[in-house]
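Spelled out, the chains give:
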Amino acid sequence: MQTKLRSDAFLCEAMEACGDAVYRLALCRLGSRADAEDVYQEVFLRLLRDTTDFRDEEHLKAWLIRVTLNRCSDLRRSAWFRRTAPLEAAPDAAAPEDTDHADLWHAVARLPDELRTVIHLHYVEGYGTEEIAPLVGCRPATVRTRLHRARKQLKLDLEGMDDEEEQPERMGTDEKHKSAGGAEAAYPGGRA
């Protein structure tokens, strides 16, 4: 049976308008460029075959985000995903990072999925809590709670990073005064 596919023009317009949002969300959820690219392709293949009559561009974008979230969840539950390491973990594949907000985005990446998703949709995609709720399948109050918990966790993580950066400097000077040769014996040159 032949199913009617959407036009190439419609698909290109959708990819132009919403492709970046789909890719960023998949990358946020999965943490792997290769997996995000796979999800991106699958989402737009589903759009190509889908027969939904979209009211406007926002309806289309909401549909694409929902399909992206579902596909990411499916992929994370798969046995293959649980047994593989992301390619970015390989030392050769490490790319230089944008250091302007690297600490913040590393802290966001460490958040649990449900917190990371609402942070991404709210701050990166610009959705309000009322708009996020149907996308993630919960009530607006739950979205607000998740945003609050995520902000609280990010604050703790980022403040903890500041404390860790200050801690070795203070320890290094204290160690030199307390014991002659203690730190120097452990680390040649006296520095860790």
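Residues numbered from 1 in each chain as written. Predicted model: local features only at pLDDT ≥ 70, side-chain atom pairs only at ≥ 80, totals over all residues. Heavy atoms only, no water.

**A word on the overall build of the protein**
Part 1 of the argument: A count of helical and extended segments in the protein gives nine helices and zero strands.
Part 2 of the argument: Each helix and strand of the protein, ordered N terminal to C terminal, gives the series α-α-α-α-α-α-α-α-α.
Part 3 of the argument: In the protein, once contacts between residues fewer than 6 apart in sequence are set aside, the share between residues at least 24 apart is 64%.
Part 4 of the argument: A total accessible area of about 12,800 Å² is found for the protein, and carbon and sulfur atoms account for 51% of it. (Helix = DSSP H or I, 4+ residues; strand = E, 2+ residues; numbered from the N terminus. Contact = heavy atoms within 4.5 Å. Areas by Shrake-Rupley, 256 points an atom, 1.4 Å probe, with all protein chains shown as cover.)

**A look at the pattern of salt bridges**
Part 1 of the argument: Summed over the entire model, instances satisfying the criterion amount to nine salt bridges.
Part 2 of the argument: For the salt bridge of Asp 113 with Arg 76, the shortest nitrogen-to-oxygen distance reads 3.4 Å. In this pair, Asp 113 is assigned in helix H6 (residues 113-124) and Arg 76 in helix H3 (residues 57-77), connecting sequence segments 37 residues apart.
Part 3 of the argument: A relative accessible area of 30% means that Arg 76 is categorised as partly exposed. (Salt bridge = Lys/Arg side-chain N within 4 Å of Asp/Glu carboxyl O. Buried < 20%, exposed > 50% of the residue type's maximum accessible area, 1.4 Å probe, protein only.)

**Considering the confidence of the model for the protein**
Part 1 of the argument: In this model, the protein carries a mean pLDDT of 78, and residues with pLDDT of at least 70 account for 71%.
Part 2 of the argument: Between residues 87-97, whose pLDDT stays under 50, and residues either more than four places distant or in other chains, the model counts seven contacts.
Part 3 of the argument: Throughout residues 168-192 the model reports pLDDT below 50, and contacts reaching past four residues in sequence, or to other chains, amount to six contacts. (pLDDT = per-residue confidence, 0-100.)

**Remarks on the packing of H6 against helix H7 (residues 129-136)**
Part 1 of the argument: In the contact formed by H6 and H7, the axes pass within 10 Å of each other and the chain directions differ by 135 degrees. The orientation of H6 relative to H7 falls into the category oblique. In this structure, H6 crosses over H7, and the sense of that crossing is right-handed. Mapping the contact onto sequence places Thr 117, Val 118, Leu 121 and His 122 in H6 and Ile 132, Leu 135 and Val 136 in H7.
Part 2 of the argument: Of the residues in the contact of H6 with H7, the class split is five nonpolar, two polar and no charged. (Axes fitted to C-alpha atoms, helices over the stretch in contact; angles between N-to-C directions. Parallel < 35°, antiparallel > 145°, perpendicular 65-115°, else oblique. Left-handed = near helix turned anticlockwise from the far one by under 90°. Nonpolar A, V, L, I, M, F, W, Y, C, P; charged D, E, K, R; others polar.)

**Here's the deal with the state of the cysteines**
Part 1 of the argument: Counting across every chain of the model gives zero disulfides.
Part 2 of the argument: Just so you know, Cys 28 is unpaired, no disulfide at all, and the nearest cysteine sulfur is the one on Cys 72, 8.9 Å from it.
Part 3 of the argument: Relative accessible area serves as the criterion here: at 16%, Cys 28 is assigned to the buried category.
Part 4 of the argument: Using a relative accessible area of 0% as the deciding quantity, one classes Cys 72 as buried. (Disulfide = S-S within 2.5 Å.)

**Observations regarding the side chain of Arg 6**
Part 1 of the argument: Residue position: Arg 6 is located in the segment before helix H1 (8-30).
Part 2 of the argument: Arg 6 sits in the buried class, given a relative accessible area of 17%.
Part 3 of the argument: A distance of 2.6 Å separates a polar atom in the side chain of Arg 6 from the backbone oxygen of Thr 52.
Part 4 of the argument: The contacts of Arg 6, once residues within four sequence positions are left out, are Leu 47, Leu 48, Asp 50, Thr 51, Thr 52 and Phe 54. (Polar contact = N/O pair within 3.5 Å; in protein donor to acceptor, adjacent residues only side chain to side chain.)

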